[in-house]
2 protein chains.
Amino acid sequence: MKLYTYFRSSAAYRVRIALALKGIAYDAAPVHLLRNGGEQLGDAYRAINPAGLVPALEVDANVIGQSLAIIEYLEETYPQPPLLPATPMQRARVRALALTVAADTHPLGNLRVLKHLTGPLGVTEEVKLGWQQHWLRTGLSALESLLADDPRTGRYSHGDTPTLADCCLVPQVFGAQRFGIDMAPYPAIMRIHAACAELPAFQQAHPSQQPDAE
Amino acid sequence: MKLYTYFRSSAAYRVRIALALKGIAYDAAPVHLLRNGGEQLGDAYRAINPAGLVPALEVDANVIGQSLAIIEYLEETYPQPPLLPATPMQRARVRALALTVAADTHPLGNLRVLKHLTGPLGVTEEVKLGWQQHWLRTGLSALESLLADDPRTGRYSHGDTPTLADCCLVPQVFGAQRFGIDMAPYPAIMRIHAACAELPAFQQAHPSQQPDAE
């Protein structure tokens, strides 16, 4: 199993956490998102993942793109420990928390969007940072409400074992802190983040621990 | 079962297709995204879905947000007809296709983003339209490659029965056509779109057929 990854990619970081939680060995194939105009956009990588995005997981001759699709695949093929809870309604909650990060928050501040803002749209670095912080705060506020006001939240986002939701929460906090977001308004998120940070799997998956870390 | 919906919301449209394909009866509770500064942002709706986004599905006392989480829930609770294929690798492909729309394409052009561009960022209507078309074309190109170059694509996005991927593809085409995208570069998408459009479930779920259609 080979993971096309970039140490600081939030989406790749999600998958690394899931792999580590399940104890799955894999080869890391770094794709540098900034070098050579973005290696993910080059022909070599597009032959692997036509969408030109990281991460992708290669299993035998197949390639799976999209972090959440990869994690669902790992959940189905390596069920222990489970990253989704037992009942359909609980699973729906965990998936909705994950998508609050993966669909509503992260896509608005990722590298290609920021480059488009300062490139074709010609906005200043200050306006770009404001954009990024606005969508980070909007997404984090939504996630905080969904976590803080729900008795199903436990030590982690859902109950007392880590789930798919935590695989998404932790990288999003990493991204928010990188871009100077004050995390004080998000106590539930930060409490869960601290609980996750104690686990070896989350430590191993951290950007600073990757072979391509700079 | 009650669906909080808006006739033109791409994410609500996905869920309506899934409900119709599975033949599940539901009550439609329209939430007007433009009226009163956006009903989805008001206290009444936020008490239902704190994320302030449409759709949400109410089942007994529970509310599920996020279109893909809702459809996975429906798949688990109403398995027939299946909207995900049989093997984990096939399921991964369908989920990745769905997320190519739901995470990589749609979030960059939805209403709140467009309002932020013309509001706080102060861009012209022309620049806003250019933004929207850029991300639509980027997303559609990725989806086209994933569909056109893969023998697993059939009459529909994956094989010869409609899946979660088609629930996402059709509303994205509707959105792209609304904003003037020339669809000629996406023949695989348009062939699948035409196949879906023949099915009564896709016809019933269309924005024009909703009680809140304008």
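Calculation rules
Residues numbered from 1 in each chain as written. Chains lettered and ligands numbered in written order. Predicted model: local features only at pLDDT ≥ 70, side-chain atom pairs only at ≥ 80, totals over all residues. Heavy atoms only, no water. UniProt positions renumbered as here; feature names shortened; annotations may be inferred. Phe/Tyr/Trp six-rings, centres within 6.5 Å; stacked < 30°, edge-to-face > 60°. Helix = DSSP H or I, 4+ residues; strand = E, 2+ residues; numbered from the N terminus. Least-squares fit on C-alpha atoms with pLDDT ≥ 70 in both. Contact = heavy atoms within 4.5 Å. Expected span 1.5 Å × (residues − 1). Buried < 20%, exposed > 50% of the residue type's maximum accessible area, 1.4 Å probe, protein only. Buried area = accessible area lost by both parts, 1.4 Å probe. Salt bridge = Lys/Arg side-chain N within 4 Å of Asp/Glu carboxyl O. Polar contact = N/O pair within 3.5 Å; in protein donor to acceptor, adjacent residues only side chain to side chain. Axes fitted to C-alpha atoms, helices over the stretch in contact; angles between N-to-C directions. Parallel < 35°, antiparallel > 145°, perpendicular 65-115°, else oblique. Left-handed = near helix turned anticlockwise from the far one by under 90°. Pairing = 2+ DSSP bridges.

With an unreviewed UniProt entry as reference, chain A is termed Maleylacetoacetate isomerase, source organism Duganella lactea. Chain A has a UniProt comment under Sequence similarities (unreviewed entry) that states "Belongs to the GST superfamily. Zeta family."

*Asks:* Please provide a residue-by-residue account of the packing of aromatic side chains, values included.
*Replies:* The final tally for this structure, using the stated rule, is nine aromatic pairs over all chains. Feature note: the residues A:Trp131, A:Trp135, B:Trp131 and B:Trp135 constitute an aromatic cluster, connected by ring pairs.

*Asks:* Could you give an account of the UniProt feature "domain: GST C-terminal" (unreviewed entry) in chain A, with specific residues and numbers?
*Replies:* Listed under "domain: GST C-terminal" (unreviewed entry) in the UniProt record, and renumbered for this structure, are residues 87-214 of chain A. For residues 87-214 of chain A, the helix share is 62%, the strand share is 0%, and the end-to-end C-alpha distance is 41 Å.

*Asks:* Explain the relation of the copies chain A and chain B to me, and be specific about the residues and the numbers.
*Replies:* For the pair chain A and chain B, the relating rotation is 180°, the translation along its axis is 0.0 Å, and the fit reaches an RMSD of 0.0 Å. In short, the pair behaves as if placed about a two-fold rotation axis. No C-alpha of chain A lies nearer the rotation axis than that of A:Ala103, which sits 2.2 Å from it. Most of the interface of chain A is mirrored in chain B: 100% of its interface residues are interface residues there too.

*Asks:* Help me get a handle on helix H7 (residues 164-178) of chain B, residues and values and all.
*Replies:* Between its first and last C-alpha atoms H7(B) spans 22 Å; for 15 residues at 1.5 Å apiece the expected length is 21 Å, and the two agree. Burial within H7(B) is extensive, with 13 of its 15 residues counted as buried.

*Asks:* Hey, could you go over the interface of chain A and chain B for me, with residue numbers and the actual values?
*Replies:* The accessible area lost on association of the parts is a frequent measure of interface size. On the chain B side, the residues contacting the 43 residues of chain A number 43 residues. Across the interface of chain A and chain B, roughly 3,700 Å² is buried in total on both sides, 70% from carbon and sulfur atoms. The three residues of chain A that bury the most area against chain B are A:Gln66, A:Met89 and A:Arg112, which together make up 15% of that side's buried surface. Linking chain A with chain B are six salt bridges. A salt bridge links A:Glu76 to B:Arg95, with the nearest nitrogen and oxygen atoms 3.0 Å apart. Scanning the region where chain A abuts chain B turns up 12 residue pairs in polar contact (both at pLDDT 80 or more). Secondary structure elements with two or more residues in the side of chain A that touches chain B: strand S4 (62-65), helix H3 (67-77), helix H4 (88-102), helix H5 (111-118) and helix H6 (125-148) of chain A.

*Asks:* How would you sum up the packing of helix H6 (residues 125-148) of chain B against helix H8 (residues 187-197) of chain B? Please name residues and give values.
*Replies:* All names here are of chain B. As a packed pair, H6 and H8 sit with axes 8 Å apart at the nearest point and diverge in direction by 80°. With respect to their mutual orientation, H6 and H8 come out roughly perpendicular. Counted together, Leu140, Leu143, Glu144, Leu147 and Ala148 of H6 and Pro187, Ala188, Ile189 and Ile192 of H8 form the full contact between these two elements.

*Asks:* Break down the packing of H3(A) against helix H7 (residues 164-178) of chain A for me, citing the residues and quoting the values.
*Replies:* The geometry of a pair of packed helices is captured by two quantities: the angle between their axes and the separation between those axes. Residues and elements named next belong to chain A. Running from amino to carboxyl end, H3 crosses H7 at an angle of 145°, the nearest separation of the two axes being 11 Å. Like other packed secondary-structure pairs, H3 and H7 cross with a definite hand, here right-handed. Between H3 and H7, the residues in contact are Leu68, Ile71 and Glu72 and Leu164, Cys167 and Cys168, respectively.

*Asks:* How would you sum up the pattern of salt bridges? Please name residues and give values.
*Replies:* A side chain of one charge can pair with a side chain of the opposite charge if their charged atoms are brought near each other. With the rule as written, the count across this model stands at 19 salt bridges over all chains. One salt bridge connects A:Glu76 with B:Arg91, and the closest N-O pair in it is separated by 2.8 Å. Of this pair, A:Glu76 sits in helix H3 while B:Arg91 is found in helix H4 (residues 88-102), placing the two residues in two different chains. Overall, the relative accessible area of 27% leaves A:Glu76 in the partly exposed class. Through salt bridges that share partners, A:Glu72, A:Glu76, A:Arg91, A:Arg95, B:Glu72, B:Glu76, B:Arg91 and B:Arg95 make up one connected network.

*Asks:* So what's going on with the sheet that holds strand S3 (residues 56-59) of chain A? Which residues, and what values?
*Replies:* Residue and element names in this part refer to chain A. Reading across the sheet, the four strands line up as S2-S1-S3-S4 and stay open at both edges, with mixed pairing between neighbours. On the outer flanks of this sheet lie strand S2 (27-30) and S4, each paired with one strand and no other. Taking the axes of each pair of neighbouring strands and ignoring which way they run, one obtains an average angle of 25° across the sheet. As judged from the four bridges shared by strand S1 (residues 2-5) and S2, these two strands associate in the parallel manner. Bridged to Tyr4 within S2 is Ala29. In the packing of H3 onto the sheet, contacts are made with S3 and S4, and the angle to S4 comes to roughly 120°.

*Asks:* Which residues make up the sheet that holds strand S3 (residues 56-59) of chain B, and what values do they have?
*Replies:* All names here are of chain B. Pairing is mixed across the open sheet formed by four strands, whose spatial order is S2-S1-S3-S4. Of all strands in the sheet, those bounded by a partner on one side alone are strand S2 (27-30) and strand S4 (62-65). When strand polarity is set aside, the average angle formed by the axes of neighbouring strands in this sheet is 25°. Relative to S4, S3 runs antiparallel, the two being bridged by four bridges. Residue pairing in the sheet places Ala56 in a bridge with Gly65 of S4.

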